[in-house]
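Descriptive structure summary
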Amino acid sequence: MEMPHTRSNRRQFVKLSTLAAGAVMLPSRAMAQAPAAFSLPALPYAANALEPHIDARTMEIHHGKHHAAYVAGLNAALEKAPQLKGKSLDEIFSDITTVSDESVRTALRNHGGGHWNHTFFWNTLAPAANSGAPSPELLTAIEASFGSMDDFKKGFNETATKRFGSGWAWLISANGKLRITSTANQDNPLMKSIVPDADLGTPLLGLDVWEHAYYLHYQNRRADYINAWWSVINWAEVSRKFAAL
Ligand code: MN
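These numbers come from a predicted model, not from an experiment. (Residues numbered from 1 in each chain as written. Predicted model: local features only at pLDDT ≥ 70, side-chain atom pairs only at ≥ 80, totals over all residues. Heavy atoms only, no water.)

Looking now at the overall build of the protein. For the protein, the count of helices and strands is nine helices and three strands. Reading the protein from its N terminus to its C terminus gives the helix and strand order α-α-α-α-α-α-β-β-β-α-α-α. For the protein, the proportion of its 245 residues judged to be buried stands at 44%. Of the contacts formed within the protein by residues at least 6 apart in sequence, a portion of 67% connects residues at least 24 apart. Within the structure as shown, the protein displays about 12800 Å² of accessible surface, and the carbon and sulfur contribution to it stands at 56%. (Helix = DSSP H or I, 4+ residues; strand = E, 2+ residues; numbered from the N terminus. Buried < 20%, exposed > 50% of the residue type's maximum accessible area, 1.4 Å probe, protein only. Contact = heavy atoms within 4.5 Å. Areas by Shrake-Rupley, 256 points an atom, 1.4 Å probe, with all protein chains shown as cover.)

Spelled out as structure tokens, the structure:
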């Protein structure tokens, strides 16, 4: 009589402790996952702060809908690539080839790139009154690489205008030199083994030339949007990135 009773108790104990462990596991697992999930950063200024160059409605939709969708898509893709959870976006980009499922890899590339690029974009913009100018060191490097600030602007405008379809124009630093380049869709110059080697480097400045970035206000006039963008560049932040190279 004693054995079954003991066994039953033990079974019951095992069952209870499993339940207890499960009950404890759930919140702790949820807590462990929390840092792995990316979240939409707040804009570093009010949505209307860049007017009249970039209008409030465009900023609200661009940040609150488009950028938010990239964050959601990135988190959904990471659910299918648990080995990349908890990693930074830079690490995800460099380890992306370890993801065997092509659709997950594509989602990480598009949504992870979208999250990185837009976070970078918001931080390199500022109200026109606070736009400032490149640091003397950055200006010297721009002049050394492109001849003059005007030549740099001309070259950047041309690259941004010519980017066919959706994508980004960039000022990057690569091998100690500054270069203008562009990427398609939400690719960026940090994506080794995804973008061509010629486009790889450390981004200092990036311009979103997707139609969603300008269509509400500028319609098809990408060139007008590009010209307006020069008035709202956060040169202090760009100079800080250059100094940190
Ligand atoms: Mn965008």
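Structure shown, so let's carry the discussion forward.
Turning our eyes to something else, we now look at the sheet that holds strand S3 (residues 202-208). With antiparallel pairing, three strands are arranged side by side in an open sheet as S2-S1-S3. Two strands lie at the open edges of the sheet, namely strand S2 (177-184) and S3, each paired on one side alone. Each strand axis lies, on average, 20° off the axis of its neighbour in the sheet, ignoring direction. In the sheet, strand S1 (residues 167-174) pairs with S3 via six bridges, with the strands oriented antiparallel. In the sheet register, Ser173 faces S3, and the bridge partner there is Thr202. This element, helix H9 (residues 235-243), spans S2 and S3 of the sheet and lies at about 150° to S3. (Pairing = 2+ DSSP bridges. Axes fitted to C-alpha atoms, helices over the stretch in contact; angles between N-to-C directions.)

Protein coordination of the manganese ion is provided by His62 (NE2), His118 (NE2), Asp208 (OD) and His212 (NE2), with donor distances spanning 1.9 to 2.1 Å. We note that the donor set of the manganese ion lies within a single chain, spaced as H-x55-H-x89-D-x3-H. (Donors = N, O, S within 2.8 Å, 3.2 Å for Na, K, Ca; no water.)

So, on to the pairing of S1. The buried fraction of S1 amounts to eight of the eight residues, a majority that puts the element mostly inside the structure. Along S1, one buried face is formed by Gly167, Ala169, Leu171 and Ser173 and the opposite face, lined by Trp168, Trp170, Ile172 and Ala174, is buried too. Where S1 meets S2, eight bridges bridge the pair, whose relative direction is antiparallel. Residue pairing across strands places Trp168 opposite Thr183, the latter belonging to S2. Between the antiparallel neighbours S1 and S2 lie two residues, among them Asn175 with a positive phi of about 55°.

Looking now at the nonpolar core. Of all hydrophobic cores here, the largest spans 65 residues; its most connected members are Leu108 and Phe152. Structurally, this core is a two-domain feature, drawing no fewer than three residues from each of domain 1 (56-123) and domain 2 (128-243). Discounting residues that sit within four places of it in the chain, Phe152 has contacts with Ile142, Phe146, Leu171, Ile180, Leu205, Trp230 and Trp235. (Core = buried A, V, L, I, M, F, W, Y, C linked by side-chain atoms within 4.5 Å. Domains from an automatic or database assignment.)

Next up on the list: the environment of Lys80. Here Lys80 lies in the loop between helix H2 (56-79) and helix H3 (89-94). The class of Lys80 is exposed, set by a relative accessible area of 63%. Between the C-alpha atoms of Lys80 and Ser103, which are 23 residues apart in sequence, the distance is 9.9 Å.

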